[in-house]
Amino acid sequence: MRHLIVLVLTIALVAGAVGGAGAQAPIESELTLITPVSKFIHDAALKAFVDYAKEKWNVTVRTNAIPAGTPVAYGRIVEWKGRPDADIFWGGESALFEKLAQQKLLQKVEIGKEAWDSIPASIGKPKPIPLKDKDGYWIGTALEPYGLVYHPVKIKRLGIPEPKDWEDLLDPKLKGEVAQCAPTRSSSSNATYEVILSMLGEEKGWDWLKRLAANTGHFTARSRDVPTVVAKGEFAAGFAVPSYMAFEEKLAGFDIKFVAPRNAFVTPEPMAILAGTRNPRAARAFIEFLLTERGQKVFMERGLFPITPRYKVQGPPGSTAELAVQFTGGVRSYFDGEVANVYDEDVAAKRSEALKTRFRSDIEAVWKKPN
């Protein structure tokens with residue numbers, strides 16, 4: 001009798017263990033991002049992941065995105081103090097991700113080795129742009145230049161050549177015709193301010209940025225608004241615009257052009273899992289999905305470039321992928337040629353607050369809309 005009881009208990013324990021293991025889904029059924037990446041991109045990425053999760057695990061994932069400029073998102077994550085209302089932070093300057101990791105507000109990504117190894121450590125010379133964190137706290141998802149946009153009809157009316165380099169925005173005929181977003185609100189602006197300061201040095205760099213402000217007719221509330229006001233013809237040119245934001249306006253039918261000048265910053269659109277996340281397995285699965293060919297195609301069809309040398313932007317004639325290649329000057333992969341970069345991540349991280357403080361005092365406080 002005693003042997004029978006032991007046998008029954010053993011079977012019950014094994015069944016319980018098997019049942020418990022089976023009860024836990026491979027991933028959680030919720031995922032929330034906090035991100036400066038536009039709806040045009042994050043909606044498509046989340047939808048593709050939802051479809052993938054349903055196919056692979058038969059899990060229906062409810063997704064949500066909290067839109068916020070990178071500095072604002074960073075501040076909110078700090079305020080959450082390890083009890084976040086989101087699972088993933090996506091987009092912007094990697095310098096802020098480094099600061100979050102130092103505060104123990106990120107957990108290690110810990111995706112599969114094949115996915116992690118598919119991304120090179122860096123790209124660009126003379127200053128390499130990190131494409132993933134050496135300590136494993138963030139990883140790039142797609143490459144994207146921050147450049148200039150312009151309205152060709154307005155530029156022609158002003159009687160000036162189409163802008164190709166940074167200096168072209170200082171043309172006196174562009175007084176009141178430039179739109180930009182403050183570096184306090186936008187990581188693309190902050191990174192591009194860093195590019196100017198790195199190229200020219202502090203003194204000459206700030207002089208250049210003040211001259212740009214003198215030509216600026218509008219500081220937008222967010223970086224996404226810069227290509228919009230240019231596309232609508234309200235302003236002739238825009239400064240520090242992510243390529244895909246301009247491409248979105250092109251797809252909407254507006255007459256807008258994009259150019260990445262020399263040393264234009266190329267972001268890897270970093271992604272990290274927040275410490276204290278409620279959905280770590282879903283977050284990890286989302287990152288791994290984005291690094292697959294299927295995930296990278298979501299980006300490549302929207303004006304972004306692959307984060308790995310494995311893939312190139314290509315599609316049938318007339319496709320959005322081919323239009324994106326044409327729009328960005330024929331680029332199919334940033335790994336095909338040499339990327340010129342002067343942005344220094346360490347300098348940017350140390351100078352971040354000082355840059356914003358000086359912008360407020362030297363530009364924002366004294367700026368007046370040109371007549």
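Just so it is clear, the structure is predicted and the values come from calculations on it, not from any experiment.

A. Layout of unusual backbone geometry. K125 connects to P126 through a cis peptide bond whose omega is 0 degrees. One non-glycine residue with positive phi stands out, namely E110, at about 55 degrees. Relative to the assigned elements, E110 resides in the loop between β4 (106–107) and α5 (113–117). Although it is not a glycine, N263 adopts a positive phi angle of roughly 65 degrees. Topologically, N263 is positioned in the loop between β13 (257–259) and β14 (266–267).

B. Summary view of the nonpolar core. Ranked by internal contacts, the top residues of the largest apolar core, which has 103 residues, are L31, I88, W90, F239, F286 and I287. With sequence-adjacent residues up to four places away left out, F286 is seen in contact with L31, L33, A45, L46, F49, I88 and M271. One finds I66, A68, I77 and L96 within the second-largest nonpolar core, a separate group that totals 18 residues.

C. Fine view of the environment of D85. Note on placement: D85 falls in the loop between α3 (70–80) and β3 (88–90). Here the alpha-carbon distance between D85 and L33, two residues 52 residues apart in the chain, equals 8.9 Å. With sequence-adjacent residues up to four places away left out, D85 is seen in contact with T32, I66, W80 and R278.

D. Structural context of the pattern of salt bridges. Throughout the structure, instances matching the rule amount to 25 salt bridges. For the salt bridge of E162 with K257, the shortest nitrogen-to-oxygen distance reads 3.5 Å. Remark: K257 occurs in strand β13 and E162 occurs in the loop between α6 (152–158) and β10 (178–181); sequence separation between them is 95 residues. By relative accessible area, which is 35% here, K257 ends up partly exposed. The closest approach of N and O atoms between E194 and R351, which form a salt bridge, is 2.5 Å. Taken together, the positions of E194 in helix α7 (residues 187–200) and R351 in helix α14 (residues 345–364) put the pair 157 residues apart, joining distant regions of the chain. Take E194 and R351: they sit in the same class, and that class is buried. Within this structure, E194, E202, K210, R351, R358 and D362 form a network of salt bridges that share partners.

E. Structural detail: α3. Within α3, the full set of buried residues consists of T70, P71, A73, Y74, I77 and W80. Taken from the residues just after α3, K81 is the one with a positive phi, measuring 55 degrees.

F. Focus on helix α2 (residues 39–57). The first and last C-alpha atoms of α2 sit 26 Å apart over 19 residues, in line with the 27 Å expected at 1.5 Å per residue. Those residues of α2 that sit buried are F40, I41, H42, A44, A45, L46, A48, F49 and A53. At the exit of α2 stands N58, carrying a positive phi of roughly 55 degrees.

G. Structural context of the packing of aromatic side chains. Tallying each qualifying case throughout the model produces 19 aromatic pairs. When the ring of W166 is compared with that of F239, the centres are 5.9 Å apart and the planes differ by 70 degrees; the resulting orientation is edge-to-face. With a gap of 73 residues between them, W166 in the loop between α6 and β10 and F239 in strand β12 (residues 237–242) connect regions that are remote in the sequence. The exposure class of F239 is buried, given its relative accessible area of 0%. Each ring, one from Y193 and one from F359, has its centre 6.0 Å from the other, and the planes form 70 degrees; the classification is edge-to-face. Of this pair, Y193 sits in helix α7 while F359 sits in helix α14, and the two are 166 residues apart along the sequence. The pair Y193 / F359 is uniform in exposure class, with both members buried. Following the ring pairs from residue to residue traces out a cluster consisting of W166, Y193, W206, W208, F219, F239, F359 and W367.

Cut-offs applied
Residues numbered from 1 in each chain as written. Predicted model: local features only at pLDDT ≥ 70, side-chain atom pairs only at ≥ 80, totals over all residues. Heavy atoms only, no water. Helix = DSSP H or I, 4+ residues; strand = E, 2+ residues; numbered from the N terminus. Core = buried A, V, L, I, M, F, W, Y, C linked by side-chain atoms within 4.5 Å. Buried < 20%, exposed > 50% of the residue type's maximum accessible area, 1.4 Å probe, protein only. Contact = heavy atoms within 4.5 Å. Salt bridge = Lys/Arg side-chain N within 4 Å of Asp/Glu carboxyl O. Expected span 1.5 Å × (residues − 1). Phe/Tyr/Trp six-rings, centres within 6.5 Å; stacked < 30°, edge-to-face > 60°.

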